[in-house]
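Survey of secondary and tertiary structure
Each chain is listed here by its residues.
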Amino acid sequence: VPGLNQSARADEYPQHSLYLPDYYLAKSPVTRAQYAAFVRATDYRQPTRRHNGQPATDKQDHPVIYVSWDDAVAYCQWLSEGTRLVYRLPTEAEWEKAARGTDGRIYPWGNHWDTTRCNTPENGINNTTPVAAYPDGASPNGLLDMVGNVWEWCATKWGNTYPYNVGQDEWCGAYLQGDVSRAVRGGSFYDYSSYARCASRWFEPHWFKGKEVGFRVVLAAP
């Protein structure tokens, strides 16, 4: 809705339609408790910046943070091996469709900003919140925290050019060498409402770990 979305930036245009195969996106970001199960099972490194290397034991229903794109891919691989299903990170296109539905809305709940529906600095919390804290901010498909709380890693290699090319822009493989940047979506508690939009795009190097970045997983449909 270009005429209505005054916060849109150049890397979000032109608007265009895509057809995507069926997929299942997790209802919420991966929580600290869920990621801790992965760490215990694999002896993988802890998602923490504390000097003693000890994991946080509180806020287990909050999204896991301080995880790189590589860490998120490793989690998906572990989950796939344990379930014999194919879990991975969502592509940008999959993420955006899940966030806004098919009617081109600006926010998951509609076209008008509402501070009470997600965790952004306008709320003054300045930290993560439980993944189920904002049920009224759900997307048309019932997904939570699609905007606000934490940015979410996508499988897609970052690029500033649209229109989006399904298949060509989706580097869904595992670890890559060099400073390869990946798309992140959704804004966070650290970024104001202009970023908490379904079409808002940003990027980070694949090795980046931040207090405002987490992820959710996607399962390909049979």
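None of these values were measured; they are calculated from a predicted model. (Residues numbered from 1 in each chain as written. Predicted model: local features only at pLDDT ≥ 70, side-chain atom pairs only at ≥ 80, totals over all residues. Heavy atoms only, no water.)

**A few points about the nonpolar core**
Note that soluble globular proteins tend to have their nonpolar side chains buried in a common cluster. Operational definition: Nonpolar cores were defined as sets of buried Ala, Val, Leu, Ile, Met, Phe, Trp, Tyr and Cys residues, with membership established by side-chain atoms within 4.5 Å. A simple rule labels every residue: compare its accessible area, found with a 1.4 Å probe on the protein chains alone, to the largest value its type can have, and call it buried under 20%, exposed over 50%, or partly exposed in between. Helix and strand definitions follow DSSP, with helices as H or I runs of at least four residues and strands as E runs of at least two, each counted in order from the N terminus.
Grouped together as the largest cluster of nonpolar side chains are 23 residues, with contacts concentrated most on Tyr35, Tyr75, Leu89, Trp153 and Phe215. Looking at this core, the elements with two or more residues in it are helix H1 (32-42), helix H2 (69-83) and strand E3 (151-157). Among the elements that take part in this core, H2 stands out by supplying seven residues, more than any other. With 14 residues, the next largest nonpolar core counts Trp95, Leu143, Trp158 and Cys198 among its residues.

**Here we look at the sheet that holds strand E2 (residues 87-88)**
For the record, the criterion: Any two strands with at least two DSSP bridges between them are considered paired. We call two residues in contact when some of their heavy atoms are within 4.5 Å. Think of each axis as a best-fit line through the C-alpha atoms, taken over the contacting stretch in the case of a helix, with angles from 0 to 180 degrees between the N-to-C directions.
Pairing is antiparallel in the open sheet, where three strands are placed in the order E1-E7-E2. Edge positions in the sheet fall to strand E1 (23-25) and E2, since each has one partner strand and no second. Against the sheet, helix H3 (residues 92-100) engages E1, E2 and strand E7 (218-220), with an angle of about 70 degrees to E1.

**Description of the sheet that holds E3**
An order of E5-E4-E3-E6 is seen for the four strands of this open sheet, with the pairing classed as mixed. Either end of the sheet is taken by a strand with one partner, and the two such strands are strand E5 (201-205) and strand E6 (213-214). As paired elements, E3 and strand E4 (residues 181-185) share three bridges and run antiparallel to each other. Paired with Trp153 across the two strands is Val184, which belongs to E4.

**What to know about H2**
The condition that has to hold: Expected helix span is computed as 1.5 Å times (number of residues minus one).
With 15 residues, H2 should reach 21 Å at 1.5 Å per residue; the first-to-last C-alpha distance of 21 Å fits that figure. Taken residue by residue, H2 has Trp69, Asp70, Asp71, Ala72, Val73, Ala74, Tyr75, Cys76, Leu79 and Ser80 as its buried positions. On its buried face, H2 is in contact with H1, E2, E3 and E4. Where H2 ends, the next residue or the one after it, Arg84, has phi of about 60 degrees, a positive value.

**Overview of the packing of H1 against H2**
Cut-off, in case you're wondering: Each angle gets one of four labels, with under 35 degrees taken as roughly parallel, over 145 as roughly antiparallel, 65 to 115 as roughly perpendicular, and the rest as oblique. For this scheme, ten residues count as nonpolar: Ala, Val, Leu, Ile, Met, Phe, Trp, Tyr, Cys and Pro. Four count as charged, namely Asp, Glu, Lys and Arg, and the remainder, Gly too, count as polar.
The N-to-C vectors of H1 and H2 enclose an angle of 75 degrees; their axes lie 11 Å apart at closest approach. As the angle between them shows, H1 and H2 are arranged roughly perpendicular. For the pair formed by H1 and H2, the contact residues are Gln34, Tyr35, Ala37, Phe38, Ala41 and Thr42 on the first element and Asp71, Ala74, Tyr75 and Trp78 on the second. Taken together, the residues of the contact of H1 with H2 break down into seven nonpolar, two polar and one charged.

**Focus: the side chain of Thr31**
With respect to the helices and strands, Thr31 occurs in the loop between E1 and H1. Once residues lying within four places of it in the same chain are set aside, the contact partners of Thr31 are Gln60, Asp61, His62, Pro63, Val64 and Val131.

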